[in-house]
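# Structural overview for review
What follows is the residue order along each chain.
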Amino acid sequence: MIKIKTKEEIDKIAQAGKILAKISNTLKKSIKPGITTGELDQLAQNEFQRFDVVSAFKGYRGFPAHICCSVNEEVVHGIPNGRKLQDGDLLSIDLGIKLDGYYADAAFTQAVGNKIKPNIKKLINVTRQALSKGINQARINKRISDISSAIQGYVESSGFSVVREFVGHGIGRELHEEPQIPNFGKPNTGELITEGMVFAIEPMVNMGSWQVDILENGWTAVTKDKMPSCHFEHTVAVLKDGPVILTQ
Ligand code: MG
């Protein structure tokens, strides 16, 4: 069952979301050639402490870090480590926090440095746009699959593919609540969207084929064809007048 949130609950998620957006901005400014993903994780940990929030990922089913850092062909769930980012790399950061019992979840992708290939720029723009197209469907009387279909249609018409193995989700007192929100599917099927639902919508877009493998660490998903992948995510509330992004 999809949990409907009260105004007070949405306000709490929004509070977490606001802090999450601030921390995202701090991380974005620190992404440059030479920094390691482990240093970005440390920076995130410092920020979580400063704002007195808890990482939603650290310890989640044993995840060892505070944020996910996925580089180039890594799709999601990259584990921060000593890898130095290079000019031209593509970095996705996924971060979630818990504040006062409520979660917010967001992700962004950024190219490192200045040597950014045009096809990488296009991948970033298409994924960001796909997220907006999905969010725009998060309206009363639409259905969950309208979000999925809008994302898939836009991504595939742009020449890229959507990952099947990982999906968006409801969010609130739990990091992952019902419903699952795939980034593919037929429109006008699945559950009806009503006021007070809160979703984490998160297209993962591959430049090549949609297939992924999981690395030996048991976490990190990489594209099977080793081509780059991109990820954007926002936590979104469905209100009377339409979707409201809580993590910006
Ligand atoms: Mg998520």
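Let me sum up the structure you'll find in this document. Remember, predicted model here, so these are calculated numbers, not experimental data.

The helix and strand inventory of the protein stands at four helices and 15 strands. Here the protein has a C-alpha radius of gyration of 17 Å; the compact-globule value for 248 residues is 18 Å, and the two agree. Considering only contacts in the protein between residues 6 or more positions apart, those separated by 24 or more positions represent 71%. A total of about 11,000 Å² of accessible surface is found on the protein, and carbon and sulfur atoms cover 49% of it. Taken as two groups, the 30 positive and 28 negative side-chain charges of the protein have centres that lie 5 Å from each other.

Looking now at the sheet that holds strand β13 (residues 229–231). Each strand in a sheet pairs with its neighbour through backbone hydrogen bonds, running either in the same direction (parallel) or in the opposite one (antiparallel). Taken in spatial order, the three strands of this open sheet run β6-β10-β13, and their pairing is antiparallel. Each edge of the sheet is formed by a strand with only one pairing partner; in this case those strands are β6 (161–162) and β13. Note that strand β10 (residues 204–206) and β13 share three bridges and pair antiparallel. By the bridge assignment for β13, N206 is matched with S229.

It is worth spelling out the nonpolar core at this point. Counting 52 residues, the largest nonpolar core has I93, F199 and I201 as its most contacted members. With seven residues, helix α3 (residues 118–135) is the largest single contributor of residues to this core. If we ignore the near neighbours within four places in the chain, the residues touching I93 are L27, I31, L40, I67, C68, C69, A106, A107 and F108. Core analysis: the next-biggest nonpolar cluster, separate from the first, contains 15 residues, I10, Y102, Y103 and A237 among them.

Turning to the side chain of S30, a few remarks are in order. Looking at where S30 falls in the secondary structure, it is placed in helix α1 (residues 7–30). Ignoring anything within four residues of it in the chain, the contact list for S30 reads I35, L40 and L43.

Let us now look at the packing of α1 against helix α2 (residues 37–50). Their axes nearest at 10 Å, the elements α1 and α2 cross at an angle of 150 degrees. Looking at the two axes, α1 sits roughly antiparallel to α2. Seen from above, α1 lies across α2 with right-handed handedness. Note on element contacts: α2 touches α1 through L40, L43, A44, E47 and F48, opposite I23, T26, L27 and S30. Its residues placed into classes, the contact of α1 with α2 shows six nonpolar, two polar and one charged.

Here we come to the coordination of the magnesium ion. For a metal bound by four donors in tetrahedral geometry, the ideal donor-metal-donor angle is 109.5 degrees, whereas six donors in octahedral geometry ideally sit at 90 or 180 degrees. Only D105 (OD), H169 (NE2), E202 (OE) and E233 (OE) from the protein coordinate the magnesium ion, and they sit 2.2 to 2.3 Å from it. Sequence spacing among the residues donating to the magnesium ion works out to D-x63-H-x32-E-x30-E. Residue D105 is located in strand β5 (residues 102–111), and its partner E202 is located in the loop between β9 (198–201) and β10; the two are separated by 97 residues in the primary sequence. Under the relative-accessibility criterion, E202 is labelled buried at 7%.

Considering the arrangement of structural elements, one finds T37 in helix α2. Note on T37: relative accessible area 1%, which makes it buried. Residues within four places of T37 in sequence aside, it is in contact with C69, V71, P80, N81, R83, L85 and L91.

Rules used throughout
- Throughout, a residue's number is its position along its own chain's written sequence, starting from 1.
- Side-chain atom pairs in this predicted model are given and counted only at pLDDT of 80 or more, local residue features only at pLDDT of at least 70, and totals for whole chains, interfaces and linings cover all residues.
- Side-chain metrics in this entry use all non-hydrogen atoms of the structure; hydrogen atoms and water are not considered.
- A run of DSSP states H or I qualifies as a helix once it reaches four residues; a run of E qualifies as a strand once it reaches two. Both are numbered from the N-terminal end.
- Computation of the radius of gyration draws on C-alpha atoms alone. For the globule rule, the value is 2.2 Å times the number of residues to the power 0.38.
- Residue contacts follow a heavy-atom distance rule, with two residues in contact if any of their heavy atoms lie within 4.5 Å.
- Residue exposure ignores everything except the shown protein chains as possible cover, and the areas themselves are Shrake-Rupley values with a 1.4 Å probe.
- Neither His nor the chain ends is counted toward charge; the positive residues are Lys and Arg and the negative residues Asp and Glu.
- Lys charges are placed at NZ, Arg charges at CZ, Asp charges at CG and Glu charges at CD.
- DSSP bridges decide pairing: two strands pair if at least two such bridges lie between them.
- We define the nonpolar core as a collection of buried residues of types Ala, Val, Leu, Ile, Met, Phe, Trp, Tyr and Cys that are connected through side-chain atoms lying within 4.5 Å of one another.
- Each residue gets one of three labels from its accessible area relative to the maximum for its type: buried under 20%, exposed over 50%, partly exposed in between, using a 1.4 Å probe on protein chains only.
- Every axis in this analysis is a line fitted to C-alpha atoms, fitted for helices over the stretch in contact. Angles between the N-to-C directions lie between 0 and 180 degrees.
- Angle categories: roughly parallel below 35 degrees, roughly antiparallel above 145, roughly perpendicular from 65 to 115, and oblique for all the rest.
- Crossings are classed by handedness, with left-handed meaning an anticlockwise turn of the near helix from the far one by less than a right angle and right-handed meaning a clockwise turn.
- Under the scheme applied, nonpolar residues are Ala, Val, Leu, Ile, Met, Phe, Trp, Tyr, Cys and Pro; charged residues are Asp, Glu, Lys and Arg; polar residues are all the others, including Gly.
- Here a donor is any nitrogen, oxygen or sulfur atom (N, O, S) within 2.8 Å of the metal, with 3.2 Å used for Na, K and Ca; water is not among the atoms considered, so some sites may look incomplete.

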